[in-house]
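# Structural characterization, general
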Amino acid sequence: MVRIGIVGIGFMGMIHYLAGQRLQNGRVTAIVSRDPKKRSGDWRGIRGNFGPPGQLVNVHGIKTYSQLTELLADADIDLVDICLPTHLHAEASVEALKAGKHVLVEKPIALRPEDAERMVTAAHQAGKLLMVAQVLPFVPEFQYTLQLVRSGAAGRLLGGHLERIISKPDWSAEIADPSKTGGPAIDLHIHDTHYVILLGGLPKAVYARGVLENGVVVHVTSQYIYDSEGPACLSCSSGALCQKGREFTHGFELYLEKATVSYRLGSPLTVYWSDGRTEHPALSGGGDPIAAFAAELQAAVDALRVGREPQELSGQLARDALLMCHREIESVLSNKVIEVP
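This part takes up the nonpolar core. In a soluble, globular protein the nonpolar side chains are often hidden away together inside. By size, the foremost hydrophobic cluster in this structure holds 109 residues, and its most contacted members are Leu71 and Met131. Beyond its immediate chain neighbours, meaning those up to four positions away, leucine 71 contacts Gly5, Val7, Ala30, Val32, Tyr65, Ile77, Val80 and Lys101.

Right, let's get into the pairing of strand β9 (residues 216-225). Pairing of strand β8 (residues 205-213) with β9, which is carried by nine bridges, proceeds in the antiparallel orientation. What sits directly across from alanine 208, in β9, is serine 222. Where β8 hands over to β9, the hairpin turn is made up of two residues, of which asparagine 214 adopts a positive phi near 55°. Taken together, the six bridges between β9 and strand β10 (residues 233-242) define a ladder with antiparallel strand orientation. Residue pairing for β10: glutamine 223 is matched across the bridge by serine 235.

Looking now at the environment of valine 80. Examined against the element boundaries, valine 80 turns out to sit in strand β4 (residues 79-82). On the basis of relative accessibility, which here comes to 0%, the residue valine 80 falls in the buried class. In the structure, valine 80 is positioned 23 residues away from valine 103 in sequence and 4.9 Å away in space, judged by C-alpha atoms. Look past the residues within four positions of valine 80 in its chain and what remains in contact with it is Gly5, Val7, Leu71, Leu72, Ala96, Lys101, His102, Val103 and Leu104.

A cis amide bond, omega -15°, links lysine 107 with the succeeding residue proline 108. Along the chain, the position of proline 108 falls in the loop between β5 (102-106) and α5 (113-126). Positive phi values are uncommon outside glycine, yet valine 135 reaches one of about 65°. Relative to the elements of secondary structure, valine 135 occurs in the loop between β6 (130-133) and α6 (140-151).

All right, on to the environment of tyrosine 144 then. With respect to the secondary-structure elements, tyrosine 144 resides in helix α6. A sequence separation of 138 residues divides tyrosine 144 from alanine 282, and the C-alpha atoms of the two residues are 9.5 Å apart.

A few words on the sheet that holds strand β1 (residues 2-7). Spatially, the six strands line up as an open sheet ordered β3-β2-β1-β4-β5-β6, and their pairing is parallel. Two strands lie at the open edges of the sheet, namely β3 (63-65) and β6, each paired on one side alone. The average angle at which neighbouring strand axes cross in this sheet is 25°, direction not considered.

Procedures and definitions
Residues numbered from 1 in each chain as written. Predicted model: local features only at pLDDT ≥ 70, side-chain atom pairs only at ≥ 80, totals over all residues. Heavy atoms only, no water. Core = buried A, V, L, I, M, F, W, Y, C linked by side-chain atoms within 4.5 Å. Buried < 20%, exposed > 50% of the residue type's maximum accessible area, 1.4 Å probe, protein only. Contact = heavy atoms within 4.5 Å. Pairing = 2+ DSSP bridges. Helix = DSSP H or I, 4+ residues; strand = E, 2+ residues; numbered from the N terminus. Axes fitted to C-alpha atoms, helices over the stretch in contact; angles between N-to-C directions.

Put into structure tokens, the structure is as follows:
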């Protein structure tokens, strides 16, 4: 049984807790929060942009700590699940790894690539797993499409476009603070850069244009430039330009040698095959806002049992995704093609 301690009971901490109730061979056995109300199970003040509202939670039988150091001193904890604000990810993760704990940390891995590199190095030195909860590869439509590309059943990925647009985030002060989140070009767009790398590998360069507010990139449209081994044309638009009438949308259209795969939130995933067939694949977990997070946590639990993380949770891949976000921001600010080392 993998014993999990969740650090930070905000919106994502609550989602991870609810997902943890569905695990096989894993269980949430401890939580860390500075708020005594949350330690008592009163989570009614928590707000988010999807899923259930905050609620009263029965924390009987769960250890409650006010500080991370208390959790790290608990010999019964195997996996530290860090759901703190992004600017706290690096320090908390490194501290947990040095304490001999495996780590699952919410996306993005960190605010700065150098902090992400420090986390990856700490995991290597400690001989522990560093996993990053990017979640998108576990969302049914994205999971199916990634598996189709990897299998080669529809031939090579030639190109496509991804989209992820929200309205301005206002459900918490911290989520709207770019000094703590990096702004939409990191906090939101990290989903896309991570998925792009899973689909086509790390591009050699990026070119991006964007919208700035007070010097912060709040919307970006990027072209990923590959050599002959990668997709010929892959792009993405991501940011916070939607109005309140439609607070969130995401999707993609990808072109493979033998199929076109199309998805947009609110419409079913559709595969248009080269022989003229149109297919709506049966997907598991569709419509359940917790299902993808439960699958993600299950993958982390299974990783501890086999001693290695899947690519979808790789700390190194999450580091590369963060680096891509920063290169795209650099491209927006300079209006130049920027190499991705």
